[in-house]
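Residue strings, one per chain:
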Amino acid sequence: AYHTTEERLPGLVDALRGRGLMTLENAAPSELCALLREYRAPGLIIPEAFGGIGATPTEAVSILRAVGPLCPSLAVMMVMHYHTMATVVHLGGIDAADELMQGVAHPQLLVASAFAEGK
């Protein structure tokens, strides 16, 4: 899981380890979002043709397994985002879905799931 994370999101595991579990779990959601953006995680499962990383579902699950013990809150945030984006990726070929994938991948935006990522 750590190897896959380093391959797809280089530096993320080290950044999480460097901050520590309790620091991360007490961080504001905006800080966790910034970490995801810094390491291009919002575009993880978006196909490369739309500016994403193009990770497979198996790779995404491995990455979540690596992130979970280091920052459970971040892993939950990622699961919610990827669940929503997986639906959009599945709808690829529909203009609105294609635009949304590009709109997420390029500026590294996160899709909130009923705003659960906020306080």
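Residues numbered from 1 in each chain as written. Predicted model: local features only at pLDDT ≥ 70, side-chain atom pairs only at ≥ 80, totals over all residues. Heavy atoms only, no water.

## Considerations on the nonpolar core
Move 1: Ranked by size, the top nonpolar core spans 37 residues in total, and within it Leu 16, Leu 44, Val 67, Leu 74, Met 78 and Met 85 carry the most contacts.
Move 2: Of all elements in the fold, only helix 2 (12–19), helix 4 (29–38), helix 5 (57–67), helix 6 (72–90) and helix 7 (95–105) reach the threshold of two or more residues within this core.
Move 3: It is helix 6 that provides the largest number of residues to this core, a total of 7 residues.
Move 4: Look past the residues within four positions of Met 78 in its chain and what remains in contact with it is Leu 36, Ile 63, Leu 64 and Val 67. (Core = buried A, V, L, I, M, F, W, Y, C linked by side-chain atoms within 4.5 Å. Buried < 20%, exposed > 50% of the residue type's maximum accessible area, 1.4 Å probe, protein only. Helix = DSSP H or I, 4+ residues; strand = E, 2+ residues; numbered from the N terminus. Contact = heavy atoms within 4.5 Å.)

## Remarks on the environment of Ala 49
Move 1: Within the fold, Ala 49 resides in the loop between helix 4 and helix 5.
Move 2: Ala 49 sits in the exposed class, given a relative accessible area of 70%.
Move 3: Ala 49 sits 52 residues away from Met 101 along the chain, and the two C-alpha atoms are 9.6 Å apart.

## Concerning the confidence of the model for the protein chain
Move 1: In this model, the protein chain carries an average pLDDT of 92, and 94% of its residues clear a pLDDT of 70 or more.
Move 2: At the low end of the mean pLDDT range in the protein chain sits helix 6, at 91; at the high end sits helix 1 (residues 2–8), at 98. (pLDDT = per-residue confidence, 0-100.)

## Section: unusual backbone geometry
Move 1: A positive phi angle, near 65°, is found at Arg 40, a position not held by glycine.
Move 2: For Arg 40, the position within the fold is in the loop between helix 4 and helix 5.
Move 3: Backbone geometry at Gln 108 places phi at a positive 60°, although glycine is not the residue there.
Move 4: By the element assignment, Gln 108 lies in the segment after helix 7.

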